Amino acid sequence: MHRIQFSPPDISEAEIQEVAEALRSGWITTGPRTKKLEENLSGFLGVHKVVCLNSCTAAEELNFRVLGIGEGDEVIVPAYTYTASASAAIHTGATIKMIDCQKNNLEMDYDALEKVITEKTKAIVPVDLGGVSCDYKRIYEIVEKKKSLFHANNDIQKAFGRVIVCADGAHALGASRDGVMVGNLADFTSFSFHAVKNFTTAEGGASTWKAHEGLDDEELYKQYQLLSLHGQNKDALAKTKVGAWEYDIIGTWYKCNMTDVTAAIGLKQLERYPGMLERRHVMVKKYDEAMDAMGIDHIHHMGENYISSHHLYITRIPNATVEQRNEVITRMAEEGVAANVHYKPLPMMTAYKQLGFDIKDYPNAYDLYHNEVTLPLHTLLTDEDVQYVIDTYRKVLKEMKLI
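None of these values were measured; they are calculated from a predicted model.

Q: It is not clear to me how the sheet that holds strand S9 (residues 180-181) should be interpreted in this structure. Could you clarify?
A: Whenever strands of a sheet pair, they do so through backbone hydrogen bonds, lying parallel or antiparallel. Taking strand neighbours across the sheet as the criterion, the 3 strands line up as S9-S8-S13 in an open arrangement whose pairing is antiparallel. Edge positions in the sheet fall to S9 and strand S13 (306-307), since each has one partner strand and no second. Summarising the sheet, strand S8 (residues 176-177) and S13 pair through 2 bridges and their orientation is antiparallel. Paired with Arg177 across the two strands is Tyr306, which belongs to S13.

Q: What is the right way to read the nonpolar core from this model?
A: Within soluble globular proteins, side chains that are nonpolar tend to cluster in buried spots. Among the nonpolar cores identified, the biggest contains 82 residues, and Tyr287, Val328 and Tyr393 are the most heavily contacted of them. Per-element tally for this core: the top contributor is helix H13 (residues 383-399), with 7 residues. Among residues more than four places away in sequence, those in contact with Tyr393 are Met291, Ile296, Thr315, Ile317, Val328, Met332, Val373 and Leu375. The next biggest cluster of nonpolar side chains, apart from the first, holds 40 residues, and it includes Ile76, Leu113, Ile124 and Phe150.

Q: Would you take a moment to explain helix H2 (residues 32-45) for this structure?
A: Since the α-helix turns once every 3.6 residues, residues separated by three or four places project in the same direction. Counted at 1.5 Å a residue, the expected span for H2 with its 14 residues is 20 Å, and the 20 Å between its end C-alpha atoms agrees. Along H2, the residues classified as buried are Arg33, Thr34, Leu37, Glu38, Leu41, Ser42 and Leu45.

Q: Got a minute to help me understand helix H6 (residues 136-145) in this structure?
A: The set of residues buried in H6 consists of Tyr136, Ile139, Tyr140, Ile142 and Val143. Taken down its axis, H6 places every buried residue within 160° of arc, on the same side. Among the exposed residues of H6, those oriented more than 90 degrees off its buried face are Lys137 and Lys145. Buried-residue contacts for H6 involve helix H5 (110-116), strand S6 (121-124) and strand S7 (164-168).

Q: It is not clear to me how unusual backbone geometry should be interpreted in this structure. Could you clarify?
A: Most peptide bonds adopt trans geometry, and most residues besides glycine take a negative phi value. Cis peptide bonds are those with omega within 30 degrees of zero, and the linkage from His342 to Tyr343 qualifies with 0°. Mapping Tyr343 onto the fold places it in the loop between helix H10 (322-334) and helix H11 (350-354). Even without being a glycine, His230 presents a positive backbone phi close to 65°. By relative accessible area, which is 42% here, His230 ends up partly exposed. Phi at Asn319 is positive, roughly 70°, even though this residue is not glycine.

Q: Looking at this structure, I do not really get the packing of H10 against H13. What am I missing?
A: For any two helices packed against each other, one specifies the crossing angle of their axes together with the interaxial distance. The geometry of H10 relative to H13 is characterised by a closest axis approach of 10 Å and an angle of 130° between their N-to-C directions. As far as their axial angle goes, H13 and H10 are oblique. When the axes of H10 and H13 are compared, the crossing they make is right-handed. The segment H10 lies against H13, with Val328, Arg331 and Met332 engaging Val389, Thr392, Tyr393, Val396, Leu397 and Glu399. Looking at side-chain class alone, the contact of H10 with H13 contains 6 nonpolar, 1 polar and 2 charged residues.

Q: Teacher, can you tell me more about the environment of Gly183 here?
A: Summarising the element assignment, Gly183 is placed in the loop between S9 and strand S10 (188-192). Owing to a relative accessible area of 0%, Gly183 belongs among the buried residues under this scheme. Distance from Gly183 to Arg24, taken between C-alpha atoms, is 33 Å for residues 159 residues apart in sequence. Excluding residues that lie within four positions of it along the chain, Gly183 makes contacts with Val47, Thr189, Phe191, Thr208, Trp209 and Lys210.

Q: Would you explain the environment of Tyr352 in this entry?
A: In this fold, Tyr352 is placed in helix H11. For Tyr352, a relative accessible area of 4% corresponds to the buried category. Placed 313 residues apart in sequence, Tyr352 and Glu39 show a C-alpha to C-alpha distance of 38 Å. Those residues within four positions of Tyr352 in sequence are excluded, and the remaining contacts are Thr83, Ala86, Ser87, Ile90, Ile96, Met98, Leu346, Pro347 and Phe357. Within the structure, the side chain of Tyr352 is placed 2.7 Å from the side chain of Thr83, a separation counted as a polar contact.

Q: Quick question: what am I supposed to make of the pattern of salt bridges here?
A: One side chain can pair with another of opposite charge once the charged atoms of both are near each other. With the rule as written, the count across this model stands at 22 salt bridges. Linking Asp111 and Arg138 is a salt bridge whose minimum nitrogen-to-oxygen distance equals 2.9 Å. Linking Asp111 in helix H5 with Arg138 in helix H6, this pair joins segments that are 27 residues apart in sequence. The network of salt bridges with common partners includes Asp111, Glu114, Arg138 and Lys145.

Q: Help me understand the packing of aromatic side chains, please; the structure alone is not making it clear to me.
A: What characterises a pair of aromatic rings is the spacing of the ring centres plus the angle enclosed by the ring planes. Within this structure, the stated rule accounts for 9 aromatic pairs. Ring geometry for Phe44 and Tyr273: centres 5.9 Å apart, planes at 65°, overall edge-to-face. With Phe44 in helix H2 and Tyr273 in helix H9 (residues 260-294), this residue pair connects regions lying 229 residues apart in the sequence. The exposure class of Phe44 is partly exposed, given its relative accessible area of 24%. Owing to a relative accessible area of 1%, Tyr273 belongs among the buried residues under this scheme.

Cut-offs used in this document
- Residues numbered from 1 in each chain as written.
- Predicted model: local features only at pLDDT ≥ 70, side-chain atom pairs only at ≥ 80, totals over all residues.
- Heavy atoms only, no water.
- Pairing = 2+ DSSP bridges.
- Helix = DSSP H or I, 4+ residues; strand = E, 2+ residues; numbered from the N terminus.
- Core = buried A, V, L, I, M, F, W, Y, C linked by side-chain atoms within 4.5 Å.
- Buried < 20%, exposed > 50% of the residue type's maximum accessible area, 1.4 Å probe, protein only.
- Contact = heavy atoms within 4.5 Å.
- Expected span 1.5 Å × (residues − 1).
- Arc of directions from axis to C-beta.
- Axes fitted to C-alpha atoms, helices over the stretch in contact; angles between N-to-C directions.
- Parallel < 35°, antiparallel > 145°, perpendicular 65-115°, else oblique.
- Left-handed = near helix turned anticlockwise from the far one by under 90°.
- Nonpolar A, V, L, I, M, F, W, Y, C, P; charged D, E, K, R; others polar.
- Polar contact = N/O pair within 3.5 Å; in protein donor to acceptor, adjacent residues only side chain to side chain.
- Salt bridge = Lys/Arg side-chain N within 4 Å of Asp/Glu carboxyl O.
- Phe/Tyr/Trp six-rings, centres within 6.5 Å; stacked < 30°, edge-to-face > 60°.

What is shown is where atoms sit, not what they do.
Put into structure tokens, the structure is as follows:
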């Protein structure tokens, strides 16, 4: 019987060799490989600067902190996402306002978004779920329309003069809309390089931002470095210069830098990444054809003006109950196929219930969640594996009379 994992990392001998060389170099914390990965990612994304960090959550939080967002401010997040999209804002002391997703669509409800912006709103967190970019043109139309409500707390916020768009691009490295890469669509974007992502550094993430009048890219980069390294004004690499031991602590800040060991993985992953994206595209086409034939709803990774990173293959079984959906996942596991759910909406989670959120206020999110099954999609799958997943899914659904 096949044993198909849900999302194992695709690590080649090239990554292993690069990590070994990093270990032998004697430089294993933030150093030349981390800086090289930042440079290479900047080129890949078409942005001026990238800051590599130890997680996407850290990247999201530092985006808010660089912008001066904190207590008394509001950040708008979707209900249908992973906790990091919201918890990063909560860490700063800001209050989150949650909105539902669209009916039969994973993207946030843009009409609802427009209605909840107030004079306290400082940022919106669109989530490029599954690797499909949000409609940033629509989002910018909304924040421009509402700019008269915006009250800036500092010079960076004054440079925008409106609510700032801080995308959660955890799934979306390599995705684009209207020919523009994610990373250059929102004002600020965070990426995840966790082990289950298309592109991995084992643990890791990155922040980037697009050019904007009034922003100094070099100064912003320095601010991220200070925030991620205890407020220390010299990193370890800078202190290796002759006579350069002395440093200052500018602020009592955080520790969330990337190491050269993990950056070594990323350097080789990025060389392989275009081919990995193409392989995902091929597998998604096979899935699409099979799901359409079975009458199963599924995520659309390509449209007239966008192409996703093909990160998750999200399906929905028409008319299935939560109990039936859970049984489908169990039966598939018994046949050797690991499936998953993306996501259980935040208002259903204990932490967010305790903050006063109730899933009854987010009917579209619940409707999209209750019959959702995510199929394995990763670059270690062979064509035979993909066909086995399809055949197993069809078999289980037929046995349960769901198709």
